[in-house]
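Chain and residue survey
Chain by chain, the residues:
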Amino acid sequence: MAARERDEAAGERPAPLSLFEGVRSDGSDGSDGADDGDEGAADGAPPSGDGEDRRRRRTRRVLVWTLAALLGLLFGGAGAAYWTVDHYASSVDRIPGAFPTLPVDRQPAAVPNAGTTFLLVGLDARSDVATTGKEAKAPAWKAGAQRSDTMMLLHIAADRRSASIISLARDTLVDVPGHGKAKINAAYSWGGPSLMVETVQNLTGIRIDHIAVIDWNGFRALTDAVGGVDITVPQTIEGRGEARRWDAGTHHMDGAQALLYVRERYGLPNGDLDRSKRQQNFLRALMIQTMDAGTLGSPARLTGLLQAVGEVVSVDDRLSNTDLYELAWSLRGLRPDGVRFMNAPFGGFDSVDGQSVVLLDRAAATTLWEAVRNDRMDQYLAEHSTTSDTLGDSVR
């Protein structure tokens, strides 16, 4: 570098660096009998070693500059990718105090090497004001302000080859610590994320590793970020009350349409259970669209998706940027057919204090929770293929 600067200071322009330095357009090496440090050669005579040495030196220069160029591209790209991931990972809002502050002996024990379990919470935010993510204009939780509209357990297997998503109906009757028997969605209203986590842990005996919270306006934004989703309605569903009519066939839905689809309960034979299936069907369609529609391979679409996630999703503050990198990287081989959706075992409908509630089949649920806790979901699904309420291809 110093030699090049001296040359420039003296008014001499250095020769340009090139992958093909020393090679003319006519194919010769441009040595003119005095290049490449072959001083001492006789006038007009070839340097020692004839043309073979010159070819070897020229080949070495080409390889060196080619390698330098490739390393520059590699580390430049990696640096840009790191900056992009770090930027958007940092934009994901963190929830402080998302876990119950209980002694270890009053919480489910963590099972080593048994995968990772998330509690996914969708908020019942019916206004246009965002409550989660960087765009939030209202708090994600304020006592009595909103209930959790959707609750799902996401269990990612330790080998990262499969994942299971289990929906808990919002009207499921449970024991809410400090409040007695109530619908499970009331836990978020009364005590926010920490009471929600405590309630689910008590119900299932599963240690929750992380929590992610999003309101339905966030799902709308994510849908638009990937260009919409394709959802098939197997048979025409007539409109009833606030519910719209859905004609049989495949619909390409934008965020607003998808939001209507997943939030409807009226006109569905099994009410909240069918609504959970719709939510799962939507998530499956969103996953397929993300993986199969070029989103991950398109810088513009990927940037839009990452930005949308950062703007609308909030996660617990135990999930660092590094954790997000490692989780995303570990799931690079997971495909849509490796993700299984199901409802928690259904035990019937009932009425408590004049309110309709959903009961769990406690015996069947105990077997499922144990499979999640010990990372044996593949075995569980194989043994309960005919009895588990898994998501099929036809969803009302």
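Description of the structure in this document. What you see is a predicted model; the values in this text were computed from it and never measured.

Turning next to the overall build of the protein. Within the protein, the secondary structure is distributed over ten helices and 13 strands. Buried residues in the protein amount to 42% of all 396 residues. Restricting to contacts in the protein with at least 6 residues of sequence separation, those with at least 24 account for 68%. Accessible surface, the protein as shown: approximately 20,800 Å² in total, 53% of it carbon and sulfur.

Moving on to the packing of aromatic side chains. Going through the model one piece at a time under the given rule, you end up with two aromatic pairs. Judged by centre distance (5.8 Å) and plane angle (85°), the ring pair of W246 and Y261 falls under edge-to-face. Of this pair, W246 sits in the loop between β8 (229–233) and β9 (249–253) while Y261 sits in helix α5 (residues 255–263), and the two are 15 residues apart along the sequence. Considered together, W246 and Y261 belong to a single accessibility category, that of buried residues. Here the guanidinium or amino end of R244 rests over the ring plane of W246, the centre of that ring lying 3.8 Å away. Above the ring of F99, the side-chain terminus of R318 is found at 3.8 Å from the ring centroid.

Along the polypeptide, T204 turns up in helix α3 (residues 186–204). Residue class for T204 comes out buried when judged on its relative accessible area of 5%. From its side chain, T204 meets the backbone oxygen of V200 in a polar contact 2.8 Å long. Filtering out sequence-adjacent residues up to four positions away, T204 remains in contact with L153, W369 and R373.

Take helix α4 (residues 216–225) next. Across the ten residues that make up α4, a large majority, seven, are buried. Listed as buried for α4 are W216, N217, G218, F219, L222, T223 and A225. Following α4 by one or two positions, G227 has its phi on the positive side, about 85°.

Here Q201 lies in helix α3. Among the polar contacts made by the side chain of Q201, one reaches the side chain of Q107 at a distance of 3.3 Å.

Our focus in this paragraph is the pattern of salt bridges. Within the structure shown, the criterion is met by eight salt bridges. In this structure, the salt-bridge partner of R245 is E238, at a minimum N-O distance of 2.7 Å. In this structure, the salt-bridge partner of E370 is R376, at a minimum N-O distance of 3.8 Å. Overall, R376 belongs to the partly exposed group, its relative accessible area being 36%.

Grouped together as the largest cluster of nonpolar side chains are 41 residues, with contacts concentrated most on V229, I231, M253, Y261, F282, V339 and F341. For this core, the element with the most residues is helix α6 (residues 272–292), which contributes five residues.

A word on the pairing of strand β11 (residues 339–343). Where burial is concerned, most of β11 is hidden: five out of the five residues are buried. Residues V339, F341 and N343 line one face of β11 and the alternating positions R340 and M342 line the opposite face, and both faces are buried.

At a minimum axis distance of 8 Å, the contact between α4 and α5 shows a crossing angle of 135°. Looking at the two axes, α4 sits oblique to α5. In terms of crossing hand, the pair formed by α4 and α5 is right-handed. Residue-level contacts link W216, R220, T223 and D224 of α4 to G255, A256, A258, L259, V262 and R263 of α5. Here the residues of the contact of α4 with α5 sort into five nonpolar, two polar and three charged.

A few words on the pairing of strand β2 (residues 116–123). Of all eight residues in β2, seven are buried; the element is thus mostly enclosed. Here β2 runs beside strand β7 (residues 210–215); their pairing, made up of six bridges, is parallel. Its bridge partner being in β7, L120 is matched across the sheet by A212.

What counts as what
Residues numbered from 1 in each chain as written. Predicted model: local features only at pLDDT ≥ 70, side-chain atom pairs only at ≥ 80, totals over all residues. Heavy atoms only, no water. Helix = DSSP H or I, 4+ residues; strand = E, 2+ residues; numbered from the N terminus. Buried < 20%, exposed > 50% of the residue type's maximum accessible area, 1.4 Å probe, protein only. Contact = heavy atoms within 4.5 Å. Areas by Shrake-Rupley, 256 points an atom, 1.4 Å probe, with all protein chains shown as cover. Phe/Tyr/Trp six-rings, centres within 6.5 Å; stacked < 30°, edge-to-face > 60°. Lys NZ or Arg CZ within 6 Å of the ring centre and 35° of its normal. Polar contact = N/O pair within 3.5 Å; in protein donor to acceptor, adjacent residues only side chain to side chain. Salt bridge = Lys/Arg side-chain N within 4 Å of Asp/Glu carboxyl O. Core = buried A, V, L, I, M, F, W, Y, C linked by side-chain atoms within 4.5 Å. Axes fitted to C-alpha atoms, helices over the stretch in contact; angles between N-to-C directions. Parallel < 35°, antiparallel > 145°, perpendicular 65-115°, else oblique. Left-handed = near helix turned anticlockwise from the far one by under 90°. Nonpolar A, V, L, I, M, F, W, Y, C, P; charged D, E, K, R; others polar. Pairing = 2+ DSSP bridges.

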